[in-house]
Each structure stands twice: as C-alpha cells, then as structure tokens.
Amino acid sequence: MFSFIIAVGENNEMGVNNHLPWHLPKEIGYFRSVTEWHTIIMGRKTFESLPKVLPNRRHIVLTKDKTYKYDHPNVEIVNSLEEVFDKVNLEEENIIIGGAEIFHLFLPYTDRIYLTIVHKTFKADIYFFDLDMDKWIETKKWEAILDDKTNIPHTYYVLDRNKG
Ligand SMILES: NC(=O)c1ccc[n+]([C@@H]2O[C@H](COP(=O)([O-])OP(=O)(O)OC[C@H]3O[C@@H](n4cnc5c(N)ncnc54)[C@H](OP(=O)(O)O)[C@@H]3O)[C@@H](O)[C@H]2O)c1
C-alpha cells in the first residue's frame, strides 16, 4: 500500500523556497516515527530540501532527468510512477513524503494519509490540494502537546480511504 505523510498550514500551505514554512521539532519527531524503517518516496525537489539522507529509510526519488545521480546505498533514483511500482512491495506500507507534484501523482493509489494541520497561516509558494472528504474516513485525531520549542498548536489526523 501507499500512504502520504503531510503537514499543512491553515490555508494548505506546505512549502516556501523549497523548505517547510515552519520549524516544529515535535512534528519532525512524529515524521520520523511514522517513516522510520519504511520505504519513503519523494520528488526530486523534496529530496534536495532534506538536510541529509534520512537514517533507517530506503529513499526512492522521482525525477524526469535521466542523468540525475545520487551515490548512496539508501537512495534510488527513478524516472516514472511505473518504476516506483516495480520497486516497492505493495504488501508493505510505502510512504509518500511529497511534495505537491508527487502527492498529485500518487493520490489515486493511496489508502492512508498522515495529516498534520498547523493552526497558523504562513507565506508559501507550494500548497496541498483540498481533499474530497467523502473519500476519506478520519480514524485518529489528537492535539500536539506543546513545549518551549514547539509552540505552534497543531493537530494530527490519520485518514483512511473510504472503501464503503
Ligand atoms: N509540508 C509538507 O509536509 C511537505 C512535504 C514535502 C515537501 N514539502 C515542500 O514542498 C516543496 C517541494 O514540492 P514540489 O511540489 O515543488 O516538488 P516535488 O513534488 O518534491 O518534486 C517535483 C519534482 O519531481 C519530479 N517529478 C514530478 N512528476 C514526475 C513524474 N511523473 N515522473 C518523474 N519525475 C517526476 C520532477 O523532478 P525533475 O525536475 O528533476 O524532473 C519534479 O520537478 C518544498 O518547499 C518542500 O519543503 C512540504
């Protein structure tokens, strides 16, 4: 199966200048707990926005550039959606981590969304799309516990595809 993990602001903001619009250490910890030991799939721009190759995760990076290379044992470069399907085990949970282009591409094949809503508006140049909530069931929801470092309120949701 495929899942998404995504954090958005109140207006669906998700990126600015190829970075996240916020700094939320607790949300980064949540991202790690969901994605660690899984295959993570991302667009080339999101890959280049990461501070480093993320430990304990197999990275699959999509680019249309057939000459794009990245020499690391946990990074595989692919050129199409079909190539991603060839590489993953669909019995396992494979997690799409963005960005917007790749979320669009995988939406029809995705059964779960780990969605964080950050309760603030941000300057942004990349936005997530509105989900058709008839197609999703909210299976979990909880508020982040705030502290000195992570002091912007945010809510975690798990949405599962409504197959009824
Ligand atoms: N808030 C969040 O949860 C979150 C999550 C992830 C990212 N972000 C933010 O989102 C922004 C990046 O998102 P983005 O939408 O601009 O870029 P992206 O989706 O990360 O990457 C886009 C790139 O993916 C490749 N690509 C797209 N469709 C493809 C296809 N069908 N086949 C092969 N390759 C394909 C292309 O690479 P080439 O140009 O190399 O051909 C394209 O330029 C950043 O600001 C990042 O910080 C936010």
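Described in the following lines is the structure provided in the data block. Since we're looking at a predicted model, the values are computed, not measured. (Residues numbered from 1 in each chain as written. Predicted model: local features only at pLDDT ≥ 70, side-chain atom pairs only at ≥ 80, totals over all residues.)

Quick notes on the site of the ligand
The full set close to the ligand counts 28 residues, and G15, G43, T46, G98 and G99 are the nearest of them. Of all the secondary structure elements, the ones that give two or more residues to the shell around the ligand are strand 1 (2-8), strand 2 (13-15), strand 3 (39-43), helix 2 (44-49), strand 6 (94-98) and helix 4 (100-106). Residues of the shell around the ligand, tallied by class, amount to 12 nonpolar, 11 polar and 5 charged. (Near = placed C-beta within 6 Å. Helix = DSSP H or I, 4+ residues; strand = E, 2+ residues; numbered from the N terminus. Nonpolar A, V, L, I, M, F, W, Y, C, P; charged D, E, K, R; others polar.)

Observations regarding unusual backbone geometry
What is expected of a backbone is that most residues other than glycine have negative phi and most peptide bonds are trans. Look at the link from G98 to G99: it is a cis peptide, with omega at 0°. Here N12, not a glycine, exhibits a phi torsion of approximately 70°, which is positive. With respect to the element layout, N12 can be found in the loop between strand 1 and strand 2.

Overview of the sheet that holds strand 3
Strand order across the open sheet formed by 8 strands is 5-4-3-6-1-7-10-9, with mixed pairing between neighbours. The open sheet has two free edges, formed respectively by strand 5 (75-78) and strand 9 (136-143), since each of these has just one partner strand. Sheet twist, expressed as the average angle between the axes of neighbouring strands with direction ignored, equals 20°. Two strands pair when backbone bridges link them, and strand 4 (residues 58-62) and strand 5 are joined in this way by 4 bridges, in the parallel orientation. Paired with H59 across the bridge in strand 5 is V75. Along the sheet face, helix 1 (residues 25-35) touches strand 1, strand 3, strand 6, strand 7 (110-118) and strand 10 (154-161) and points at about 180° away from the line of strand 1. (Pairing = 2+ DSSP bridges. Axes fitted to C-alpha atoms, helices over the stretch in contact; angles between N-to-C directions. Contact = placed C-beta atoms within 7 Å.)

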